[in-house]
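Commentary on secondary and tertiary structure
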Amino acid sequence: MDIFSEYFFQRALLGGLLIGLAAPMMGVFLVLRRLSMIGDTLAHVSIAGIALGFLINVYPIGVGLLFAVLASFAIEKLRKAYKTYAELSIAIIMSGGVALATLLFTLGKGFNINVMSYFFGSIYTLDSIDLWVVLGVTIIVVGVILVNYKELFLMFFDEDAAGVSGLPLRFYNMMITILTALVITVAIKIVGALLVSSLLTIPVACSLLIAKSFRNSLFWSVLFSEIAVVGGLVAAGVWGTAPGATIVLCLIALLIISMFIKRGFRS
């Protein structure tokens, strides 16, 4: 337990707890919109931005944020263009993100090792700037959801009724997509682009098995996420395993436990 006295571990724990709060809160809305795969799409686009940041010597996470936000606008535009085949927007943007990231990798061979760390996460390397960025995004996400809770609840459970009541659906859809882009980009350095969608979806999957209301689902999603972050980081520190992967495996373990609990209640 001496690892708790290490400054790098304290920063990692703080960053993990912050993103463990923001990610599942966004994940609940994404799951309800049946857009669970948007996490992988925006993560790949963010990697392209991070690669460009290394190439032009600009703060990589900042460039990744910009790319993810632009991609979120593009996704919403494509969803409107292909209303019957809305999932096409995710496939198109993901393909473009992967292609652009690959192109930038070939242009900047010298920074490939640095970029690869964002694929698998490097939570132990979080610095003060990273923590401030994660804190800022978390405050924005929590604040927006609390202020617009009733509107979001109505929109995601009965979008037609929300539209008839005069709720600006386009604005709220865009807002959720942009917030998701922000969360995904800052979470990449914590769990990696390959695993980032797990923070958005698996805590929600756990909560849906035991929650009895939308509010309960939000609460349980965050709780499961925070338990996995703390447990995963401690286990990774003690056993020397990859922290991002260990956090995700903790989430999987919690999902299995939730399934057994659900089955026990049914019997």
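The structure reproduced in this document is the subject of the present report. (Residues numbered from 1 in each chain as written. Predicted model: local features only at pLDDT ≥ 70, side-chain atom pairs only at ≥ 80, totals over all residues. Heavy atoms only, no water.)

**What about the packing of aromatic side chains?**
Enumeration over the complete set of coordinates arrives at 8 aromatic pairs. Here the aromatic rings of Phe171 and Tyr172 are separated by 5.2 Å at their centres, their planes lie at 75°, and the arrangement is edge-to-face. Grouped by ring-pair contacts, the aromatic residues Phe29, Tyr149, Phe153 and Phe214 constitute a single cluster. (Phe/Tyr/Trp six-rings, centres within 6.5 Å; stacked < 30°, edge-to-face > 60°.)

**A look at a nonpolar patch on the surface**
A cluster of nonpolar side chains, namely Leu55, Ile56, Val58, Leu100, Leu103 and Leu107, defines an oily patch on the protein surface of about 500 Å² accessible area. Within the residue set of the nonpolar patch, elements represented by two or more residues are helix 2 (38-56) and helix 4 (87-107). The element best represented in the nonpolar patch is helix 4, accounting for 3 residues. Within the secondary structure, Leu107 sits in helix 4. (Patch = residues over 30% accessible without salt bridge, like charges linked within 9 Å, V, L, I, M, F, W, Y side chains within 5 Å. Areas by Shrake-Rupley, 256 points an atom, 1.4 Å probe, with all protein chains shown as cover. Salt bridge = Lys/Arg side-chain N within 4 Å of Asp/Glu carboxyl O. Helix = DSSP H or I, 4+ residues; strand = E, 2+ residues; numbered from the N terminus.)

**Some thoughts on unusual backbone geometry**
Here the phi dihedral of Asn57 falls at roughly 60°; this positive angle occurs in a residue that is not glycine. Mapped onto the elements of the fold, Asn57 is located in the loop between helix 2 and helix 3 (60-81). Judged by relative accessible area, which is 72%, Asn57 ranks as exposed. (Buried < 20%, exposed > 50% of the residue type's maximum accessible area, 1.4 Å probe, protein only.)

**Some points on the pattern of salt bridges**
For the coordinates displayed, the defined rule picks out 1 salt bridge. For Asp130, the salt bridge goes to Lys189, with nearest N and O atoms at 2.7 Å. Of this pair, Asp130 sits in helix 6 (residues 128-147) while Lys189 is found in helix 9 (residues 169-191), placing the two residues 59 residues apart along the sequence. With a relative accessible area of 4%, Asp130 lands in the buried category. Of the residues examined, Lys189 reaches a relative accessible area of 10% and is grouped as buried.

**Some points on the packing of helix 1 (residues 7-32) against helix 11 (residues 214-239)**
The N-to-C vectors of helix 1 and helix 11 enclose an angle of 150°; their axes lie 8 Å apart at closest approach. The angle between helix 1 and helix 11 places the two elements in the roughly antiparallel class. In this structure, helix 1 meets helix 11 at a crossing whose hand is right-handed. Across from Phe9, Ala12, Leu13, Gly16, Leu17, Gly20, Leu21, Pro24, Met25, Val28, Phe29 and Leu32 in helix 1, the residues of helix 11 making contact are Phe214, Ser217, Leu218, Ser221, Val222, Ser225, Glu226, Val229, Val230, Leu233 and Val234. (Axes fitted to C-alpha atoms, helices over the stretch in contact; angles between N-to-C directions. Parallel < 35°, antiparallel > 145°, perpendicular 65-115°, else oblique. Left-handed = near helix turned anticlockwise from the far one by under 90°. Contact = heavy atoms within 4.5 Å.)

**Observations concerning helix 4**
With 21 residues, helix 4 should reach 30 Å at 1.5 Å per residue; the first-to-last C-alpha distance of 31 Å fits that figure. If you check which residues of helix 4 are buried, you get Ser89, Ile90, Ile93, Gly97, Ala101, Leu104 and Phe105. The buried residues of helix 4 occupy an angular sector of 125° when the element is viewed end-on, so they sit on one face. (Expected span 1.5 Å × (residues − 1). Arc of directions from axis to C-beta.)

**Section: empty space enclosed by the protein**
Considering all chains together, one arrives at 1 cavity of 30 Å³ or more under this definition. Considering only enclosed or pocket space, the largest cavity measures out at about 40 Å³ in volume. Lining the largest cavity are Tyr59, Ile61, Leu126, Asp130, Val133, Val134, Val186 and Lys189. Where the lining of the largest cavity is concerned, the elements lending two or more residues are helix 6 and helix 9. Broken down by element, the lining of the largest cavity gets its largest block of residues, 3 residues, from helix 6. Residues belonging to the lining of the largest cavity are distributed by class as follows: 6 nonpolar, no polar and 2 charged. (1 Å grid on protein atoms, 1.4 Å probe; cavity = no way out; pocket = protein on both sides within 12 Å on 5 of 7 lines; lining within 4 Å. Points joined across faces, edges and corners; volume = space filled by probe spheres on them. Nonpolar A, V, L, I, M, F, W, Y, C, P; charged D, E, K, R; others polar.)

**Section: the nonpolar core**
In globular proteins that are soluble, nonpolar side chains generally tend to be buried together. If you look at the biggest cluster of nonpolar residues, it comprises 89 residues, and the most contacted ones within it are Met26, Ile47, Val141, Leu152, Met155 and Val183. Counting residues per element, this core draws most heavily on helix 9, which supplies 16 residues. In contact with Met155, not counting residues within four places along its chain, are Ala162, Leu167, Leu169, Tyr172 and Asn173. (Core = buried A, V, L, I, M, F, W, Y, C linked by side-chain atoms within 4.5 Å.)

**Structural notes on the environment of Ile184**
Among the secondary structure elements, Ile184 is positioned in helix 9. Sequence spacing of Ile184 and Leu42 is 142 residues, and the spatial spacing of their C-alpha atoms is 7.0 Å. Aside from chain neighbours lying at most four places away, what touches Ile184 is Ile38, Gly39, Leu42, Ala43, Val196 and Leu200.

**What about the side chain of Asn148?**
Mapped onto the fold, Asn148 is located in the loop between helix 6 and helix 7 (149-157). For Asn148, a relative accessible area of 14% translates into the label buried. A polar contact of 2.8 Å, which involves the side chain of Asn148, links it to the backbone oxygen of Val144. In terms of polar contacts, Asn148 uses its side chain to reach the side chain of Tyr172, at 3.2 Å. (Polar contact = N/O pair within 3.5 Å; in protein donor to acceptor, adjacent residues only side chain to side chain.)

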